[in-house]
Amino acid sequence: MPEHRTVQTMCPMNCHPTLCGMKAEVADDALVSITGDPDNPDSAGFLCMRGNAAHQIVGNPERLLTPLIRTGPGAENWRKAGWDEALDLIADRMRDVGPKAVGFWQGHGNAANDYGVGVKRRQTERFTNLYGCQHWDPAMICWGLGGFGLGLTGALETSTKEDMGAQSDMVVLWGANTVSQANTIKHVEKAKRRGARIVVIDVRRTEASALADKVLLVKPGSDTALALAMMHVIVQDGLVDQAFVAAHTLGYDDLVPHLDQYTPDWAAQRTGLSPDQITAFARAYAQTRPAMIVMGGSSLHKGDNTWQAARAISCLPALTGNYGRTGGGIGPRHGARSHGAGFADISAPDRRPPGPYVPNQIEAIAEALETRQVQVMMALGSNMLSSFPDTNRLREALADDAVLVVSYDIFMNQTAREVADVILPGTIWLEEIGAKATNTHVYLSDLALAPAGETKPLYDVYRGLATRLGIADVYPWPNQEAAIDAVLDHPATGHATVADMRKNGGRAALNISHVAYPTFDFDTPSGKVELLSARAESMGLDALPSCASDTDTALPLAFAHGRTFAHFHSFYDHARALPALAAREPAPQLWLAPADAAARQIADGDAIVLTSQHGSFPALAKVTRRMPQGAVWMHDGWAGLNALMDGASVLPEAALTAFAFSVGQPHFGAHVEVARA
Ligand code: SF4
C-alpha cells in the first residue's frame, strides 16, 4: 500500500495580500492532488485558475533539472554540468572581479514559499551583507513604486480586509482588481451585502467592475490628477474633517491655496472624466464614512512619476478623517503590513562593509553593467528582462561577454535564454519548507516532495559559494526549519515555531490591529499625516502633493499593463510552461477601444504591432468596449513587452534611502502607436 500524506502548503504565486492555502496529497513521494484548504482563514478553500494550474509544475517536462553552462550564443546552446563545476565557475569569477563587481537581484520566484515572511529573502541579503557585494531590492519595480508616495504622507500600514467587510460604508478599488486581490474581494462583497457603496477606478473595465456601483475609467497615469481634484472639491465644499486635520495632520494651511489650481475642469482634461463625475465622486467619498481605499500594488504606479498618485491618494483619508478609524483609511495593499506585524531580521545589515554600492535604481544598475562596474549578475528567481523597463538597453548590457549572468530558476525564461551564461536549477515550493504571511496570519508551506533531478534550494547555492569564497556565518542554522523559527521569533507571531504551526493546522495568527494607525502615530518625522513634507522638499521634490506633466506624449495611445487570471508576471516561462495557463491566453492581446481600432482599420483578432519610442512588440488586437478611447492595455510579463518602456529614473538619489524599503522609481510608462502587422 502506498503511504498517503496530506501536506499543508500555500499557492506558490505571490498575489499578496491574497495568498491561498493548499493541501497537497502525496503518496510514496509522488503528488496525487492539490486542493484549496477550506480551513485557511484567508482563502477558505479558494484557488483561482493559476492556483489550480500549480500541479502542472510538478513533473513538468520543461523543468530545469541540471545545471547548464552556455556553449555559444542562441537559446539552444547549452551543456549539462555538475553543481561543483557550475559553482566553481561562478565563485572563480566572483573572486576575480571582487565583491563590489558582483550584483544580486532576487525576484518573486525566490518568494514562492516565502512571501510576507521573507526568510529566503533575508538569507539572500545576509549573504550579500557578509560578502559585501551589490544587492538591489526588487520592491523598486513593484510596490515600492507607490510605497514612496505613501511613505511621505505617513500611511504605510494598511487596515485589513476583515475590517473592510465588517465596517466600511464605501470601498474604493483604486487600480485594485479581483485577479490580484482575490481574497480581498470576498470582503468587498460582504461590505456590499451590508449596503456599502463600491467604486472602481481603473484604466479599463476590470473583472472587479462587475461588483461596482460606479466605475470611473481614467487615462493611464492620471490618478494623481483625480486625487488632487477630489481634494480641491472636498476643501471648496467644506467637507474637510477639521477636528482630524487639526489633531493629526501637518501642512493643511499650505495645502489649501496649493489646491486652487487643481480644479475638476483641469483634472477632466487629464483623466478623461467629466468635471461633474469628479465633483460627484469627491463629494460621495467625503460624505460617506467610514470609506476605505484599496490601492493597486504596482500597475497603478507603473507610469510617469506615478509615486505621486500614492502621495495624493493617501492625503484623501486624512482630509476626511478616515485614518485610524475602523472601516476607513487605506485597505489591503501588495507588500504592506498591518499595524503590529513584523518578523525577526536575519540579514545581518550591521555587518555590511562600507561601499561603494550601486544605488537601488534601474538606470544605475544598467549603467553599472554597461561600464563593467558590475561583472557578475546573479538573477535569482527573477526574469530581469521581463521585469525591468527599457529592456533592450539592459539586454545589451547583460549580453556583454565581460558580464557573467547566472540564472537560478525552475523553468527557462527570457533572461535565461537570451543572456544567461550559467543556469542553476531550483527546487519548487513543494520541495522545500517555507512560510508565507498575509496581513493576519503566518502559514506553513511544508516540505512535500523530494527535490526533482539535481535541483537545489537557493540556500544551498549560498552555502556552496560561501565555502568556496571563505565567507563565514552565511548559514548559521542546522536546517531551514531552524531558519524559519529564527525569523518567526517575534512578538507579532507570539514567537511561533514551525512545530507549533504543524500542530495548529499549519498557521499562526498574527498579533495585529485590524485598523491601521489605531494610536494615530503615523510613519513620519512629525508623527502626523504630512500633507506638507519637509522630507520631500529636502530631496528636491515638491513638499505638497502635486502632479508632474507627462513627459512621453509624442505617440497618441497611453499604454497600461496589469494582470489577468491566466498569469503571474512572467512566472513559469511567461506562463507558457503550464498548459492550462498557456491555453487560456495563447498569445499577447492588446485591448483597444472600438473607435481607436476603427481609426486604424484594425479589426478584432488582427495581428498588430505596438511601437513606442523605445521598441516594438507584436500582438493580436482585442477590440473591446471595456477600454476607453485613447488608452490601450495588455497583461504584463510577456517576453519582450518591456522593450516598449522608458527606464529613466523619476526619483533623485537622495530619495532612495528615505525608507527601509527600496523606492527607486523608473519610468515604466509608454505612449504607443498601433498598426496592423
Ligand atoms: S489568487 Fe490564485 S494565484 Fe493568487 S494566491 Fe490565490 S490561488 Fe494562488
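Source: prediction; values computed, not measured. (Residues numbered from 1 in each chain as written. Predicted model: local features only at pLDDT ≥ 70, side-chain atom pairs only at ≥ 80, totals over all residues.)

**Examining the overall build of the protein chain**
- The helix and strand tally for the protein chain stands at 24 helices and 25 strands.
- Whereas a compact globule of 677 residues would reach a radius of gyration of roughly 26 Å, the protein chain reaches 24 Å, a difference of no more than 12%.
- Projected onto its principal axes, the C-alpha coordinates of the protein chain cover approximately 70 × 55 × 55 Å.
- In the protein chain, buried positions account for 59% of the 677 residues.
- Sequence-distant contacts in the protein chain: of pairs separated by 6 or more residues, those separated by 24 or more amount to 76%. (Helix = DSSP H or I, 4+ residues; strand = E, 2+ residues; numbered from the N terminus. Rg over C-alpha atoms; globule rule 2.2 N^0.38 Å. Buried ≥ 20, exposed ≤ 12 C-beta atoms within 10 Å, placed from the backbone. Contact = placed C-beta atoms within 7 Å.)

**Details of the environment of Ala-402**
- Take Ala-402: it is sitting in the loop between helix H16 (391–398) and strand S14 (404–409).
- Leaving out residues up to four positions away in the same chain, Ala-402 has contacts with Arg-372 and Gln-375.

**A look at helix H18 (residues 458–469)**
- Here H18 spans 17 Å end to end across 12 residues, near enough to the 16 Å set by a 1.5 Å rise per residue.
- Buried residues of H18: Leu-458, Tyr-459, Val-461 and Tyr-462, and no others. In a view along the axis of H18, the buried residues occupy a sector of 150°, so they form one face of it.
- Tucked inside the fold, the buried residues of H18 contact helix H3 (119–131), strand S13 (376–380), S14, strand S15 (422–425) and helix H19 (480–488).
- Count one or two residues on from H18 and you reach Gly-470, which has phi positive near 75°. (Expected span 1.5 Å × (residues − 1). Arc of directions from axis to C-beta.)

**Section: the pairing of strand S9 (residues 197–202)**
- Extensive coverage of S9 is indicated by the burial of five of its six residues.
- Two elements, strand S8 (residues 170–174) and S9, share five bridges in a ladder whose sense is parallel. Considered in S9, the bridge of Met-170 is made with Arg-197.
- Chirality of the crossover, the property in question, places the unit of S8, helix H6 (residues 182–193) and S9 among those that are right-handed. (Pairing = 2+ DSSP bridges. Right-handed = clockwise from strand over helix to strand, strands pointing away.)

**Looking at the environment of Pro-652**
- Relative to the helices and strands, Pro-652 is located in the loop between strand S24 (631–635) and strand S25 (670–676).
- Sequence spacing of Pro-652 and Ser-546 is 106 residues, and the spatial spacing of their C-alpha atoms is 16 Å.
- Ignoring sequence-local partners within four residues, the contact set of Pro-652 consists of Met-539 and Gly-540.

**Brief notes about the packing of helix H10 (residues 264–271) against helix H11 (residues 275–287)**
- Between H10 and H11, whose axes approach to 8 Å, the crossing angle comes to 110°. The orientation of H10 relative to H11 falls into the category roughly perpendicular. Of the two possible hands of crossing, H10 and H11 adopt the one that is right-handed. Where H10 abuts H11, its residues Pro-264, Asp-265, Ala-267 and Ala-268 lie against Pro-275, Ile-278 and Thr-279.
- Taken together, the residues of the contact of H10 with H11 sort by class into five nonpolar, one polar and one charged. (Axes fitted to C-alpha atoms, helices over the stretch in contact; angles between N-to-C directions. Parallel < 35°, antiparallel > 145°, perpendicular 65-115°, else oblique. Left-handed = near helix turned anticlockwise from the far one by under 90°. Nonpolar A, V, L, I, M, F, W, Y, C, P; charged D, E, K, R; others polar.)

**Some details on the sheet that holds strand S10 (residues 214–217)**
- Read across the open sheet, the four strands follow the order S10-S9-S8-S12; overall the sheet is parallel. In this open sheet, the two edge strands, each paired with only one partner strand, are S10 and strand S12 (291–295). The sheet shows a mean angle of 15° between the axes of neighbouring strands, taken without regard to direction.

**Considerations on the site of the ligand**
- Around the ligand sit Cys-11, Met-13, Cys-15, Thr-18, Leu-19, Cys-20, Leu-47, Cys-48, Arg-50, Gly-51 and Ala-182, and that is every residue in its neighbourhood.
- Across the shell around the ligand, the residue classes break down as eight nonpolar, two polar and one charged. (Near = placed C-beta within 6 Å.)

**Here's the deal with the domain arrangement of the protein chain**
- Here the domain parsing of the protein chain yields domain 1 (68–143 + 362–477), domain 2 (145–335 + 520–538) and domain 3 (557–676).
- The distance between the C-alpha centroids of domain 1 and domain 2 comes to 37 Å.
- Taken together, the contacts link five residues of domain 1 with 11 residues of domain 2.
- Broken down by class, the residue content of the side of domain 1 that touches domain 2 amounts to three nonpolar, two polar and no charged. (Domains from an automatic or database assignment.)

**Observations regarding the sheet that holds strand S3 (residues 30–36)**
- Pairing is antiparallel across the open sheet formed by three strands, whose spatial order is S1-S2-S3. Each end of this open sheet is capped by a strand with a single partner; those strands are strand S1 (4–10) and S3. Strand-to-strand, the axes of this sheet are offset by a mean angle of 25°, without reference to chain direction.
- Where strand S2 (residues 21–27) meets S3, six bridges bridge the pair, whose relative direction is antiparallel. Along S3, the bridge assignment pairs Met-22 with Gly-36.

**Description of the nonpolar core**
- Among the nonpolar cores identified, the biggest contains 218 residues, and Val-171, Val-172, Met-230 and Val-632 are the most heavily contacted of them.
- Among the elements that make up this core, the one with the highest residue count is helix H7 (residues 223–236) (10 residues).
- Look past the residues within four positions of Val-632 in its chain and what remains in contact with it is Leu-557, Phe-559, Leu-590, Trp-591, Leu-592, Met-627, Val-672 and Val-674. (Core = buried A, V, L, I, M, F, W, Y, C linked by C-beta atoms within 7 Å.)

**Observations concerning the packing of H3 against H18**
- Taken N-terminus to C-terminus, the directions of H3 and H18 make an angle of 15°; their axes are 10 Å apart at the nearest point. The angle between H3 and H18 falls in the class roughly parallel. Considering only the axes of H3 and H18, their crossing is left-handed. Facing Lys-120, Gln-123, Phe-127 and Tyr-131 of H3, the residues of H18 in contact are Leu-458, Tyr-459, Tyr-462, Ala-466 and Leu-469.
- Across the contact of H3 with H18, the residue classes break down as seven nonpolar, one polar and one charged.

**Description of the pairing of S12**
- Of all the five residues making up S12, five are buried; the element is thus mostly covered by neighbouring parts of the structure.
- Of the two faces of S12, the one lined by Ala-291, Ile-293 and Met-295 and the one lined by Met-292 and Val-294 are each fully buried.
- Two elements, S8 and S12, share five bridges in a ladder whose sense is parallel. Directly across from Leu-173, in S12, lies its bridge partner Val-294.

**Some details on unusual backbone geometry**
- Look at the link from His-16 to Pro-17: it is a cis peptide, with omega at 15°.
- Position of Pro-17 among the secondary structure elements: in the loop between S1 and S2.
- Located in the positive-phi region is His-574, a residue other than glycine, with phi close to 60°.
- As for its placement among the helices and strands, His-574 is situated in helix H22 (residues 571–574).
- Phi angles above zero are rare outside glycine, and Ala-575 is one such case at about 70°.

**Overview of H10**
- Every buried residue of H10 is listed here: Pro-264, Ala-267, Ala-268, Arg-270 and Thr-271.
- Those residues of H10 that are buried are in contact with H7 and H11.
- One or two positions beyond H10, positive phi appears at Gly-272, with a value near 90°.

**Some points on the environment of Trp-266**
- Along the chain, Trp-266 falls in helix H10.
- Using a count of 17 C-beta atoms within 10 Å as the deciding quantity, one classes Trp-266 as partly exposed.
- Spatially, the C-alpha atom of Trp-266 lies 8.2 Å from that of Ala-225, the residues being 41 residues apart in sequence.

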